[in-house]
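What follows is each chain in one-letter form.
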Amino acid sequence: MNTSAPPAPPRLALVDVSKAFGAVQALRGVTVELYAGEVHALAGENGAGKSTVVKTFAGVHRPDSGEVRLDGEPVVFGGPADAQAAGVAVIYQEPTLFPDLSVAENIFMGRQPRTSLGRIDRRAMHAAAADLFARLGVPLDPAQPARGLSIADQQVVEIAKAISRDAKVLIMDEPTAALTGQEVARLFAVTRTLREAGCAILFISHRLEEIFELCQRVTTLRDGTWVGTETLDGLTTDDLVQRMVGRELDDLYPKQEVAPGRVALKVSRLTREGVFTDVSFQVRRGEIVALAGLVGAGRSEVARAIFGVDRWDAGEVEVDGRALPPASPTAAMAAGLAFVPEDRRQQGLVMDMSIERNMGLTQLRSLRRASGPGPLISRRVERDRARDWALRLQLKFSRLSDPVGVLSGGNQQKVVLAKWLATEPSVLIVDEPTRGIDVGTKAEVHRLLSELAAQDMAVLMISSDLPEVLGMADRVLVMHEGRLVAEIPRAEATEESVMAAATGQRAGKEAA
Amino acid sequence: MAEATGTVRGKGAGAGRFVRWDVVVTALLVAVFFGGVGISPDFGNTDNLSFALGDLGEIALIALPMTLLVVCGQVDLSVASVLGLAGALTGWLWNAGWAFETIVPVVLVVGVVCGLVNGLLVTRLGLPSLAVTIGTLSLYRGLAYVVLGTEAVSQFPAQYAELTTTNVPGTPIPYQVALFVLLAVVTALVLHATGVGRALFAIGAQEDAAFHAGIRVKRIKLVLFVVSGLVAAFAGIVYTLRYGSARADNGVGLELAVIAAVLLGGVDFDGGKGTLGGVISGVLLIGLLRNLLMLNDVATEIQSIVTGLLLIVSVLTPRLAGVVRERRARRRPAAAPA
Amino acid sequence: GTTKDSANSGGGAGAASTASANPNAPLKEGIKLAFLPKQINNPYLTLVDKAGISAAGEYKGEAKEVGPSDASASSQVSYINTLVQQRQDAILISANDPNAVCGPLQQARQRGIKVVSYDSDTAPECRDVFINQAASEEIGRSQVKLLAELMDGEGEFAVLSATANATNQNTWIKYMQEELKKPEYAKMKLVKIAYGDDDDQKSFQQTQGLLQAYPNLKGIIAPTTVGIAAAARYISGSQYKGKVVVTGLGTPNQMRQFVKDGTVEKFQLWNPNDLGYLASYAAAALVSGQITGKQGEVLKAGRLGERTVGANGEIVLGPPFTFEASNIDQFDF
Amino acid sequence: MTAVVEQPPAQPKVKAGGGERGLIDLVLRFREAGILGALVVLVAVTTVINPRFLSAQGVEDIFLNASILALLAVGQTLVVVTRNIDLSVGSVVGLVAFVVGDFVSGTQHGVLVAVALGVAIGAACGLVNGLLVSFCGVPALVVTLGTLYVIQGLNHYIAHGEQISAAEVPGAILSLGNGDLLGIPYLPLISVAVMLAVGYYLRSYSSGREFYAIGSSPEAARLAGIPIRRRVLTAYLAAGVLAGLAGTLWLARFGTVVADPARGWELDVVAAVVVGGVAIVGGVGTVYGAALGALLITTIGSVLVVLKINPFWQEAIVGLLLLLAISADRLVALRLARVLRKRNVRHG
Ligand SMILES: Nc1ncnc2c1ncn2[C@@H]1O[C@H](COP(=O)(O)OP(=O)(O)OP(=O)(O)O)[C@@H](O)[C@H]1O
Ligand SMILES: Nc1ncnc2c1ncn2[C@@H]1O[C@H](COP(=O)(O)OP(=O)(O)OP(=O)(O)O)[C@@H](O)[C@H]1O
Ligand SMILES: [Mg+2]
Ligand SMILES: [Mg+2]
């Protein structure tokens with residue numbers, strides 16, 4: 001663990017920090033040092049304590065022991081405001097926007113450009129925001145309210161907010177989880193510029209290749225303890241995985257070959273005005289079909305409409321040959337659909353509710369039946385079922401009655417998966433199923449999806465993670481600007497062919 | 001790891017569990033009851049207690065659906081007005097020579113319609129229930145005045161009126177209390193042991209997530225508002241019979257008393273949290289305390305102050321206890337993983 | 001089914017007293033009596049009750065005032081129950097609703113507690129006697145007479161009442177309408193009955209509204225102390241001063257400034273102190289067995305002398321008194 | 001939307017956004033415009049039926065009546081925008097009106113003393129509410145319902161069945177309520193001045209925007225380092241101060257004050273705020289809208305009397321109009337959201 005520390009003290013550092021939440025020891029004697037002009041990676045499984053490190057840097061949490069040092073001097077951040085004042089900008093794992101305010105106001109809240117009289121200069125503010133979006137290469141309107149932005153756009157706004165601060169320290173907790181290659185590349189370009197300007201940067205991602213591309217050094221955490229800090233030069237992915245999970249990693253894409261069966265999901269000419277147009281495709285039992293495209297191409301919207309959370313304007317959806325009524329998730333579920341939404345905080349989980357209750361939420365009827373005669377639900381049955389799934393998905397939790405909100409992001413995602421798999425669907429739609437999930441778990445989720453398909457389930461997978469798409473899908477459907485522009489069989493699916501379709505370069509040629 | 005921490009956590013969380021609103025309120029209730037018996041000899045006699053409980057009748061009844069609504073993140077401020085409208089209608093129809101047996105179902109249907117209007121506005125247009133029911137609070141009360149104007153109708157059939165003022169034969173329990181106990185048990189089971197109850201908590205805590213889980217959010221809300229209207233109308237008939245007087249201003253301001261009781265019982269106004277037991281304690285606490293203060297000739301104004309302080313204390317105590325616990329935990333962080 | 005016609009009217013014969021009166025029985029000492037006003041912070045009733053409480057001192061009784069802070073029909077009921085539990089000897093009530101308090105009052109009487117209503121009556125079968133401030137008919141009719149005198153017997157006028165349900169108000173208004181049928185009032189027209197809910201601000205705004213809605217309005221009768229003060233205040237500060245006549249029932253202290261500035265020429269009221277005093281003595285007499293509430297019995301009421309129990313157990317204080325600039329300074333209440 | 005790949009996406013984007021922004025602005029402005037429109041129609045119709053409605057005296061009366069409610073609505077807006085609520089305003093107004101009245105009765109105290117005392121009492125009440133809500137973190141609805149009862153009780157306790165009579169209140173104070181400046185009564189002048197000042201502050205100052213941010217997402221506000229407690233405290237303090245001012249004005253206007261005169265006003269104030277387009281869940285709305293809401297509600301009251309509508313209908317109609325106002329607002333918003341979606345710029 002040789003660290004070639006530059007002579008100057010680190011810009012910002014955690015030294016021997018411990019932090020507990022109730023009886024959960026999130027961090028134990030962790031040291032992370034961020035130097036100017038360096039991008040530092042933080043690696044670890046879900047629940048390893050990465051976000052806790054971030055929040056400690058940000059002044060959200062105060063360490064139980066150990067200290068935070070700014071330019072070598074111990075400091076105490078009483079709250080996020082103190083950290084900001086010290087020049088720390090943070091992108092949190094989960095977007096934290098003000099839905100009622102405009103995108104520009106979100107970015108500049110508290111430090112809006114002022115006129116000489118001290119009042120807000122809206123024109124300057126909007127111009128500055130437009131400028132930031134130009135740098136990030138994202139066409140967002142600064143005057144648009146933040147409500148209704150897709151997760152990806154929200155993430156972009158968060159990034160814009162952080163880089164607009166001209167901070168000395170920039171901390172990014174999984175900023176790329178919702179982004180596709182385009183935006184990631186832009187983000188990296190901006191990050192490098194900041195680094196060269198002398199900014200100290202902390203970067204977290206479960207996509208290890210990103211770490212190798214962007215970062216110079218990496219600190220690895222395992223179960224809240226510090227494993228090591230080292231330079232990335234000469235390190236291999238396998239080394240890093242070994243440090244994170246303490247064992248060799250299995251195949252990340254354990255795709256089983258299955259002969260597709262009957263058509264389970266049939267979507268015909270589905271249209272929702274202004275969002276997507278004329279989308280038709282089929283998914284057979286045993287198949288994993290991926291829906292690829294750039295951020296905002298309308299993939300999530302298609303999935304939402306199929307499941308009935310959004311209304312569609314025209315077209316038809318059939319599950320196992322039966323047409324679904326529009327806009328009724330209940331009917332969709334009864335027909336055998338399951339839908340893992342992309343926004344787990346708002347749509348996937350009830351954060352304040354316990355793990356077991358969250359899992360039970362999709363199966364209230366079957367729980368009641370399993371509880372014996374009468375309308376009551378037995379808590380025992382509920383808990384037993386939840387425990388089964390928790391074990392199957394290797395959920396890391398302390399008690400099933402804890403609110404799901406205290407789980408790490410990846411473990412929350414597992415709960416969402418569990419709650420839907422428990423309904424034993426015939427068609428499973430997953431929107432970004434492995435966003436924010438660590439490599440180890442990712443492999444598990446992939447194995448799970450693969451198994452499920454092998455057991456005759458039809459899987460429609462939306463993912464912005466291209467390797468995942470290529471590794472898992474039997475067929476890749478590509479969307480561009482609200483239309484289905486290509487259908488690429490597994491054999492022909494390559495990064496180039498998918499990206500070409502997604503950016504519209506092959507539009508119309510291979511449309512299904 | 002899951003198992004190991006599971007056992008340790010048990011203790012810490014157990015201590016946390018203890019200081020909840022509903023527990024505090026129940027403890028206060030017990031204290032007031034025994035304190036009351038000690039202070040005032042008349043307080044504990046069955047006559048007084050059954051009166052005090054009977055006097056809570058309408059508030060207690062309405063508090064049941066209100067609890068469900070608040071747990072589900074909604075509120076119905078129009079209940080007292082529905083109660084008044086039901087009373088006014090009862091009086092008007094009675095005056096017009098209708099049979100009481102016909103009046104009751106008609107009035108209950110009107111209650112259902114009132115609830116339906118609230119529910120449709122909330123679910124169809126997606127309006128906040130607080131705003132909608134402030135509107136219908138005026139509307140229904142106004143309709144009560146339109147129906148009955150200045151009149152006060154009295155002399156309802158004795159055989160029904162007696163049901164509201166007498167006890168179940170052979171017991172010191174007023175009919176209303178018996179009915180309330182029955183409904184409370186049903187409501188408690190619905191809230192805490194059925195799928196609908198689970199759904200209510202989910203909707204209250206995070207509506208979007210509940211919707212994505214296939215829960216029929218709108219239908220459930222609609223039904224709740226309808227039930228609330230129905231119960232309020234029923235309470236309106238009871239109220240009219242109990243006081244033997246149907247007037248347009250029956251029960252003005254009752255909604256705040258109901259909400260005070262529900263909040264006092266530890267139901268979170270933001271939805272998603274609360275227990276029915278807490279609410280029942282809250283209702284009883286307000287009623288018994290008031291009775292006790294009155295018996296001791298404590299002036300109305302002081303009663304009002306005590307009620308207010310009680311509300312504040314009931315939410316403040318658990319918070320402060322939480323802060324103290326956190327401080328203490330922070331002082332000895334190393335002890336936790338032992 | 002059970003309809004209004006088929007139902008026996010709720011327990012009319014409830015607790016009619018069977019005991020006979022002993023007019024010479026001495027007033028007992030240590031009588032416990034409680035005043036239960038419509039609302040604890042009604043200034044007028046506070047005056048009445050205070051007078052009643054101090055009268056109790058004369059015959060060595062213990063009196064107190066308890067009551068709700070809002071004047072709704074039901075709010076007095078729990079107080080009645082409490083007074084029963086406290087075993088008071090007599091309850092004196094100014095009822096918010098004639099029927100809502102009836103059941104509990106009946107129960108009180110079954111336990112030997114005497115019930116006196118004052119200011120605003122309950123249903124007659126629920127109390128022993130009613131102390132009427134002035135005969136209702138006389139109040140209603142004399143108000144019209146007074147107004148006719150002030151507006152020279154012609155023009156439109158309105159009534160600004162208290163709440164729409166107030167029993168005493170509605171009775172008075174009924175007699176006003178009776179009186180108006182007489183030929184001498186042919187040129188006077190009652191255009192509107194408005195309700196200020198005994199709320200100062202609401203009464204104030206109702207006055208405004210009346211004057212806008214009825215451009216030819218020449219007069220307002222406000223047979224409530226809150227209403228008349230509010231109406232007078234609005235008129236005295238508006239263009240209508242001197243053009244619109246205000247009269248009704250008010251207390252001299254409230255009305256003094258408007259009488260002096262000419263907004264109000266004359267208004268009426270009885271002496272609230274006497275009302276409380278009389279009620280207090282009536283309660284003591286009932287408890288001591290001097291009277292039972294039958295017509296024709298004679299109540300000895302201290303400094304007020306004697307009053308005779310009228311029909312329906314009513315005891316009338318006396319005719320209303322008319323206040324005007326020449327006499328108003330002799331009064332302070 | 002080829003801009004994603006091309007270098008400067010700003011150029012086409014901002015243009016496209018311009019149209020969208022215009023639409024959104026329209027919606028936002030519509031909230032106030034809608035109420036204003038309703039008000040104009042109401043007044044026009046009434047005037048046609050009864051021309052005296054718009055007489056000098058008539059207009060003056062409406063503005064006088066609305067002023068106090070509008071002041072309270074402005075204060076309430078500050079609180080509601082931060083996703084809180086203050087149910088105690090009515091009782092504060094009552095307490096202030098009575099205590100100040102009691103204090104100045106029979107003395108020669110001037111307006112300044114009365115206003116200062118009223119504002120001080122109001123500020124104290126607001127401070128208690130604010131401290132409880134912001135520093136103790138207890139739910140606003142419960143706390144302010146609690147303080148509503150406490151303050152009400154206190155008022156009754158102080159009043160003890162007495163009342164303040166206009167005759168004893170110094171003339172200087174009464175003339176504040178009934179006098180005018182160049183023909184415009186003081187009361188509406190004060191309310192409009194307060195409304196403009198608060199509205200300007202909320203829109204144009206950084207700290208003002210933070211009120212909206214807190215209401216929009218408290219969690220995000222915390223992470224953004226916004227001093228939530230201080231702002232919420234300020235909101236309650238301001239609401240208290242305005243309630244105190246309103247209480248003094250109440251005394252000045254009505255002179256006669258019994259205990260707890262503004263009983264039940266909390267719901268009127270909340271209604272005014274909601275009708276005025278302030279979202280009860282925070283983050284959205286302006287004080288102008290709230291003040292207009294107050295004016296609309298008061299005007300409806302006067303109109304019904306002037307149109308000789310049976311007074312029993314009054315309450316029902318007010319309720320109905322309230323429902324209409326929020327429904328119309330909502331329907332327009334939904335319609336606009338759909339229009340916006342269909343011209344989704346990204347796929348345009
Ligand atoms: N507020 C909290 N209350 C209780 N426990 C918490 C809280 N925040 C985090 N934890 C726990 O602390 C541990 C570390 O969580 P953290 O969010 O730091 O993990 P992470 O490394 O960011 O994981 P992921 O990759 O899934 O985002 C987890 O076990 C989590 O359940
Ligand atoms: N809840 C919403 N309300 C309004 N507009 C939305 C919402 N969610 C997404 N949009 C918009 O709809 C368009 C399509 O977004 P969608 O989320 O379907 O894209 P996607 O291809 O799934 O990309 P992502 O990777 O962001 O999920 C985008 O312009 C987005 O801004
Ligand atoms: Mg994390
Ligand atoms: Mg998506």
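It should be emphasised that the depicted structure is a prediction, and the values quoted were computed from it without experimental measurement. For every chain, the first residue of its written sequence is number 1, and the numbers climb from 1 along that sequence. The lettering of chains begins at A and the numbering of ligands begins at 1, in the order of writing. Local features are withheld for residues below a pLDDT of 70 in this predicted model, meaning they are given only at 70 or higher, and side-chain atom pairs are given and counted only at 80 or more; totals for whole chains, interfaces and linings count all residues. To obtain the side-chain values, all non-hydrogen atoms of the structure were included, while hydrogens and water were left out.

## As for the overall build of chain D
Step number 1: Secondary structure elements are taken from DSSP: a helix is a run of H or I of four residues or more, a strand is a run of E of two residues or more, and numbering for both begins at the N terminus. Counting secondary structure elements, chain D contains 13 helices and 2 strands.
Step number 2: Considering chain D as a whole, with its 348 residues, one finds that 59% of them fall into the buried category.
Step number 3: We call two residues in contact whenever any of their non-hydrogen atoms come within 4.5 Å of each other. The long-range fraction of contacts in chain D, counting pairs at least 24 apart against all pairs at least 6 apart in sequence, stands at 78%.
Step number 4: Summed over its atoms, the accessible surface of chain D is roughly 12,800 Å², and 68% of this surface lies on carbon and sulfur atoms. Residue exposure (1.4 Å probe, protein chains only): buried if accessible area is under 20% of the type maximum, exposed if over 50%, otherwise partly exposed. Per-residue accessibility takes into account occlusion by the displayed protein chains alone, with areas from the Shrake-Rupley method and a 1.4 Å probe.

## Overview of the confidence of the model for chain D
Residues and elements named next belong to chain D.
Step number 1: This prediction gives chain D a mean pLDDT of 83; 89% of its residues lie at or above 70.
Step number 2: Across chain D, the element-wise mean pLDDT spans from 65 in helix α1 (residues 10–49) up to 94 in helix α10 (residues 228–254).
Step number 3: In this model, residues 1–19 is a region of pLDDT below 50 whose contacts with residues beyond four sequence positions or in other chains number 24 contacts.
Step number 4: Quick note on the complex model: pTM equals 0.84, ipTM equals 0.81. By definition, pLDDT measures how confident the predictor is in each residue, and it falls between 0 and 100.

## Structural notes on the site of ligand 2
Step number 1: Whether a residue is near a molecule or strand depends on its heavy atoms: if one lies within 4 Å, it is near. The local shell around ligand 2 holds 16 residues, among which G296(A), R299(A), S300(A), E301(A) and E342(A) are the closest.
Step number 2: More than one chain reaches ligand 2: its neighbouring residues belong to chains A and D.
Step number 3: One nitrogen or oxygen atom from the main chain of A297(A) is found 3.0 Å from an oxygen atom belonging to ligand 2.
Step number 4: Two N or O atoms count as a polar contact when they lie within 3.5 Å, although within protein this holds only if one can serve as hydrogen donor and the other as acceptor, and sequence-adjacent residues are included solely when both atoms are side-chain atoms. Residue E301(A) places a main-chain N or O atom 2.9 Å away from an oxygen atom belonging to ligand 2.
Step number 5: Coverage of ligand 2 by the protein chains reaches 80% of its 610 Å² of free accessible surface.
Step number 6: Among the secondary structure elements, those contributing two or more residues to the shell around ligand 2 are α5 (151–163) and α9 (299–307) of chain A.
Step number 7: The element contributing the most residues to the shell around ligand 2 is α9(A), with 3 residues.

## Let's talk about the coordination of the magnesium ion (ligand 3)
All names here are of chain A.
Step number 1: Of the protein atoms, only S51 (OG) and Q93 (OE1) coordinate the magnesium ion (ligand 3), at distances of 1.9 to 2.1 Å. In this pair, S51 is assigned in helix α1 (residues 50–57) and Q93 in the loop between β6 (88–91) and α3 (103–108), connecting sequence segments 42 residues apart.
Step number 2: For Q93, a relative accessible area of 16% corresponds to the buried category. A donor here means any N, O or S atom no more than 2.8 Å from the metal (3.2 Å for Na, K and Ca); water is not included, so a site may seem to lack partners.

## A closer look at the state of the cysteines
Residue and element names in this part refer to chain C.
Step number 1: What counts as a disulfide here is a pair of cysteine sulfur atoms lying within 2.5 Å. Within this structure, the stated rule accounts for 1 disulfide over all chains.
Step number 2: Across a sulfur-sulfur distance of 1.6 Å, C102 and C126 are joined as a disulfide pair. Residues C102 and C126 share a disulfide whose torsion about the S-S bond is about 55°; that sign makes it right-handed. One end of the pair, C102, is in helix α3 (residues 102–110); the other, C126, is in the loop between β4 (114–118) and β5 (129–132), and 24 residues separate them in sequence.

## Here's the deal with the side chain of T219(A)
All names here are of chain A.
Step number 1: With respect to the element layout, T219 can be found in strand β9 (residues 217–222).
Step number 2: Among the residues examined, T219 registers a relative accessible area of 0% and is labelled buried.
Step number 3: Side chain to side chain, T219 and H40 meet in a polar contact 2.6 Å long.
Step number 4: Separated by 2.9 Å, the side chains of T219 and T229 make a polar contact.
Step number 5: When residues no more than four places from it in sequence are discounted, the contact partners of T219 are T31, V32, H40, A41, L42, A43, W226, G228 and T229.

## Some words on the sheet that holds β5(C)
All names here are of chain C.
Step number 1: One open sheet accounts for 6 strands, arranged β2-β1-β3-β4-β5-β13; its pairing is parallel. Looking at the sheet topology across the chains shown, the edges are occupied by β2 (62–65) and β13 (314–316). Averaged over all pairs of adjacent strands, the angle between their axes in this sheet comes to 20°, without regard to strand direction.
Step number 2: Here 3 bridges tie β5 to β13, and the two strands are oriented parallel to one another. Across the sheet, I131 pairs through a bridge with I315, a residue of β13.
Step number 3: Throughout, an axis means a line fitted to C-alpha atoms (over the contacting stretch in the case of helices), and angles, computed between N-to-C directions, take values from 0 to 180 degrees. Strand contacts of helix α1 (residues 43–58): β1 (32–36), β2 and β4, with the helix running at about 165° to β2, the strand carrying the most contacts.
Step number 4: Packed onto the sheet, helix α2 (residues 77–85) meets β1, β2 and β3 (90–93) and runs at close to 175° relative to β1. By the convention used here, strands pair only if DSSP detects at least 2 bridges between them.

## Side note on the pairing of strand β18 (residues 458–462) of chain A
Residues and elements named next belong to chain A.
Step number 1: Most of β18 is tucked away: 5 of the 5 residues are buried.
Step number 2: Relative to β18, strand β13 (residues 288–293) runs parallel, the two sharing 4 bridges. Counted as the bridge partner of L291 is I462 from β18.
Step number 3: Pairing analysis gives 5 bridges linking strand β17 (residues 427–431) to β18, with the strands arranged parallel. Considered in β18, the bridge of V430 is made with M461.
Step number 4: Regarding topology, helix α16 (residues 439–454) serves as the crossover connection from β17 to the parallel β18, and that connection is right-handed. Think of it like this: strands point away, you trace from the first strand over the helix to the second, and a clockwise trace means the crossover is right-handed.

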